[in-house]
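Below are the chains, spelled out letter by letter.
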Amino acid sequence: MRAILQAESQECGLACLAMIASAYGLHLDLSMLRRRFAISVKGSHLAQIANYAQALNFSCRPLRLELDEIKQLRLPCILHWNLNHFVVLEKVKRDHIIILDPAVGRRKLRMDEVSRCFTGVALELTPSANFQPAQQKPRLRLRDLTGRILGLKRALGNILLLALALEVIALLSPQVTQWVVDHALVSADYDLLLLVVLGGCLLLIIDFALRMAQGWMGLRLNQQLTLQWTSNFFHHLLRLPWPYFEKRHLGDITARFQSLGAIRNILAQGAVTIVLDALVALITLGMMLLYNKALTGIVLIAVVFYSLLRLVFYRPLRNATEERIVLATRENAYFLETIRAVQPLKLFNATPLRLATWQNLLTDVQNRDLKTQKILLVFAGCNTLIFGLEGMFILYIGGLAVLDNTLTLGMLLAFLAYKSQFTNRASKLIDLGVEIKMLSLHAERLADIALEPPEPDNFMETDLTRIEPSIEFINVSFRYADSEPWVIRDLNLKVNAGDSVALVGRSGCGKSTLFKLMLGLLTPTEGDIRIGGISLRQLGPTALRNLVGVVMQDDQMMAGSLAENIACFDPQATQERIEAAAKQANIHKAIINMPMGYQTLVAEMGSGLSGGQKQRLLLARALYKQPVILALDEATSHLDLHGEHHVVQNLQALSMTRIVIAHRRETVALVKRIIALEKGVISEDIRLDTAISE
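Predicted, not measured: the structure shown is a model, and the values here were computed from it.

### A word on the overall build of the protein
Here is step 1: Secondary structure assignment for the protein yields 23 helices and 20 strands.
Here is step 2: Counting all 694 residues of the protein, 45% fall into the buried class.
Here is step 3: Of the contacts formed within the protein by residues at least 6 apart in sequence, a portion of 74% connects residues at least 24 apart.
Here is step 4: Working note: accessible area of the protein is about 36100 Å², and carbon and sulfur atoms make up 59% of it.

Here's what the structure looks like:
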């Protein structure tokens, strides 16, 4: 049974389901399960996993049991673990169990360790009568990972020609040795010796020139692949919908992106190597057979043993590599999170505990590396033994052939040279085959990004000025997963162009979700949202975001100058437009009083600025777009009443539709309409201007 590792922190249940289905012959891709069964950021519970299992034609039997009853479970089954995780129980022994943990892989645990983690809840899965084993994993093509790469075929062709010339020289080199030993030395022919040596020098000079040319072209090819491939992949990553990033750790996305390098290096080198090594191996094998069939047989036996050795060590090394990637990703994600949260950690004196936890994660990585090194040490020792014995046998059999005059000394030396080339090429081919097979590990991780569909954006409208800045929700309902409660339910709402509306309500009533639906970050489960009478499905996210200026509650500044942050790094930005946006956000005077004015540098995530300054800068960034709709999620919560009043007065002078999420009474008093939400539905809709006139 093979461990399937989770890509998202909350999808351990889906990964367990995929592992058990695979054990019964139904091979499913985790991304396919993710699209079929929606999991919210809160994770899943046992009843939800049971429902998904029944959809895959499994019969489910949830159980509550004691630790000593665990050996009676039908294996494999799912265990509830550490109150917030699911694992697959693979084997039960007298004093230990073996589990497949979606977070780290296969683990062997003593019963005392199991007692600390197992909650006493299990789920047995048995194939029903309708269950059908099948291979349902999508076929991953290299083009899916790389995108289009220009000039690749031509570059590979040039490198192949140069490498072919180098191989011809390598095949001629043993002939120089044979001619010197068997002809020039035996006959004491000084002229022939000089001629042969000069010929060898000429081959060396040609070899040097060709290798320099090949190396230069290889560097250019690697640069070309790096730029185009990485750019294509990053472009696709940035086009993915917002929920994809919400469900994943930053460290995990970074680690998956780095898998590109491993695939690129092997493919860039292997595309040429595999052809030439196969060709040279066949030629050198033919030359060896011409010299001596018995010696050639010894070499072939050694290569076969080497192939078997690689086959035996493939699975342990693959599992070790997979576990190492997962452990290193967890350590890196924890490290990045610690650096980003250093302020609250210091304020709560939690840095010693955080350091100790990180050291444990780092120790896990080092322990995994140590186990891998042990495996490689055994492999290297066996490899040395195989080819060492091969060399001894060849020296003995070859020596006998020289003594019996069936081989000359020069022929034996030439055979040894060809043998060295053959074993090197054959072992490289075997290693490359194993590495390419090992690439499936990196490809599966990259597929989580490459096969994720991007945001649909089919908008064909070129004139956005004709679109009226009105917003309409028509029977909109939304929930984060099928088993989750409705966050928004059958909501109907019309916001006219130029309206200023405040959304109010208790925390968790659906205000932020409604915001994200309006901005196209989330897609309604049911119903439709329209801007200026055009459905968001038709309008598309690019056009929508050109119309809307947004300040979210968790917005971030980026490293750069204040001017660059206000313009959101727009290359066509003008100082007049930047200053106009800053004045509207009431931050212009504060900026010009800074030592470097608008060129004052902002540290990453805006550290060094006060909360009120950040909010006004973010508001200036939203206004810089000159939007027709302004959406603010607690965008003035850090401002004092005087500062907020100035900002709101500036906004009221602008011709735009405003929708704000607010809790402060002062903020609500500055709008014309208040919409109260309760449990995802509108409980009150009050027009203040109408109420005042009455």
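Continuing now.
### Thoughts on the sheet that holds strand S10 (residues 488-495)
Here is step 1: With antiparallel pairing, four strands are arranged side by side in an open sheet as S10-S9-S12-S13. Looking along the sheet, the strands with just one partner apiece sit at the ends: S10 and strand S13 (534-535).
Here is step 2: Two elements, strand S9 (residues 471-478) and S10, share five bridges in a ladder whose sense is antiparallel. From the neighbouring strand, Phe 478 faces S10, where its bridge partner is Ile 488.

### Points about the pattern of salt bridges
Here is step 1: Here the structure, examined in full by the defined rule, presents 19 salt bridges.
Here is step 2: For the salt bridge of Arg 354 with Glu 337, the shortest nitrogen-to-oxygen distance reads 2.5 Å. One end of the pair, Arg 354, is in helix H12 (residues 351-403); the other, Glu 337, is in helix H10 (residues 293-340), with 17 residues separating them in the sequence.
Here is step 3: On the accessibility criterion, Glu 337 (42% relative accessible area) is partly exposed.
Here is step 4: The salt bridge involving Asp 490 is made with Arg 489; its shortest N-O contact spans 3.9 Å.
Here is step 5: Taking the relative accessible area as the measure of exposure, Asp 490 reaches 45% and is therefore partly exposed.
Here is step 6: A single salt-bridge network, built from bridges that share partners, covers Asp 499, Arg 673, Asp 685 and Arg 687.

### A few points about helix H3 (residues 46-55)
Here is step 1: Looking only at H3, the buried set comprises Leu 46, Gln 48, Ile 49, Ala 50, Tyr 52 and Ala 53.
Here is step 2: Count one or two residues on from H3 and you reach Asn 57, which has phi positive near 70°.

### Considerations on helix H13 (residues 409-450)
Here is step 1: A rise of 1.5 Å per residue sets the reference length of H13, with its 42 residues, at 62 Å; its end C-alpha atoms lie 58 Å apart and thus fit the reference within 8%.
Here is step 2: Residue Thr 408 occupies the N-cap position of H13, its side-chain oxygen lying 3.0 Å from the main-chain nitrogen of Met 411.

### A word on the UniProt feature "transmembrane region" (unreviewed entry) in the protein
Here is step 1: According to UniProt, the feature "transmembrane region" (unreviewed entry) maps to residues 155-172, 192-210, 266-288, 294-314 and 375-394 in the numbering used here.
Here is step 2: Between the C-alpha atoms that bound residues 294-314 there is a distance of 31 Å. The span itself is 100% helix and 0% strand.
Here is step 3: Along residues 375-394, the helical share is 100% and the strand share 0%, with 29 Å between the first and last C-alpha atoms.

### A word on the packing of aromatic side chains
Ring pairs (aromatic) are described by centroid distance and by the angle formed between their planes.
Here is step 1: In the structure shown here, the tally under the stated rule is nine aromatic pairs.
Here is step 2: When the centroid spacing of 6.2 Å and the interplanar angle of 50° are considered together, the rings of Tyr 306 and Phe 379 count as tilted. With Tyr 306 in helix H10 and Phe 379 in helix H12, this residue pair connects regions lying 73 residues apart in the sequence. Pair check on accessibility: Tyr 306 and Phe 379 agree, each one buried.
Here is step 3: The lysine or arginine in question, Arg 577, covers the ring of Tyr 624, its NZ or CZ lying 4.2 Å from the ring centre.

### A word on the sheet that holds strand S7 (residues 118-127)
Here is step 1: In spatial order, the strands read S2-S7-S3-S4-S5-S6; together these six strands make up an open sheet with antiparallel pairing. A strand with exactly one partner marks an edge of an open sheet, and here the two such strands are strand S2 (58-64) and strand S6 (105-110). Going from strand to strand, the sheet's axes swing by 30° on average, the running direction of each strand aside.
Here is step 2: Summarising the sheet, strand S4 (residues 85-92) and strand S5 (residues 96-101) pair through four bridges and their orientation is antiparallel. Each bridged residue has a counterpart across the sheet, and for Lys 91 the counterpart in S5 is Ile 98.

### Let's talk about the nonpolar core
Here is step 1: Ranked by size, the top nonpolar core spans 37 residues in total, and within it Ile 566, Ile 591, Leu 617, Leu 619, Leu 623 and Leu 630 carry the most contacts.
Here is step 2: Listing elements by their share of this core, those giving two or more residues are strand S11 (500-504), helix H17 (562-566), helix H18 (575-584), helix H20 (611-624), strand S17 (629-633), helix H21 (641-652) and strand S19 (673-678).
Here is step 3: Ranked by the residues each element gives to this core, the list is headed by H20, at seven residues.
Here is step 4: In this structure, Ile 591 is in contact with Leu 562, Ile 566, Ala 582, Gly 597, Tyr 598 and Leu 617, ignoring residues within four places of it in sequence.
Here is step 5: Counting 35 residues, the second-largest nonpolar core is a separate cluster that includes Ile 531, Leu 547, Met 552 and Ile 659.

### So, the pairing of strand S18 (residues 657-661)
Here is step 1: Among the five residues of S18, five are classified as buried, and the element is accordingly described as predominantly covered.
Here is step 2: Neither face of S18 is exposed, since Thr 657, Ile 659 and Ile 661 on one face and Arg 658 and Val 660 on the opposite face are all buried.
Here is step 3: Bridge analysis of S11 against S18 gives four bridges, and the strand direction is parallel. Residue Leu 503 lies in a different strand from S18, and its bridge partner there is Ile 661.
Here is step 4: Note: S17 against S18, five bridges, orientation parallel. Across the sheet, the residue bridging to Ile 629 is Thr 657, located in S18.

Calculation notes
Residues numbered from 1 in each chain as written. Predicted model: local features only at pLDDT ≥ 70, side-chain atom pairs only at ≥ 80, totals over all residues. Heavy atoms only, no water. Helix = DSSP H or I, 4+ residues; strand = E, 2+ residues; numbered from the N terminus. Buried < 20%, exposed > 50% of the residue type's maximum accessible area, 1.4 Å probe, protein only. Contact = heavy atoms within 4.5 Å. Areas by Shrake-Rupley, 256 points an atom, 1.4 Å probe, with all protein chains shown as cover. Pairing = 2+ DSSP bridges. Salt bridge = Lys/Arg side-chain N within 4 Å of Asp/Glu carboxyl O. Expected span 1.5 Å × (residues − 1). Polar contact = N/O pair within 3.5 Å; in protein donor to acceptor, adjacent residues only side chain to side chain. UniProt positions renumbered as here; feature names shortened; annotations may be inferred. Phe/Tyr/Trp six-rings, centres within 6.5 Å; stacked < 30°, edge-to-face > 60°. Lys NZ or Arg CZ within 6 Å of the ring centre and 35° of its normal. Axes fitted to C-alpha atoms, helices over the stretch in contact; angles between N-to-C directions. Core = buried A, V, L, I, M, F, W, Y, C linked by side-chain atoms within 4.5 Å.

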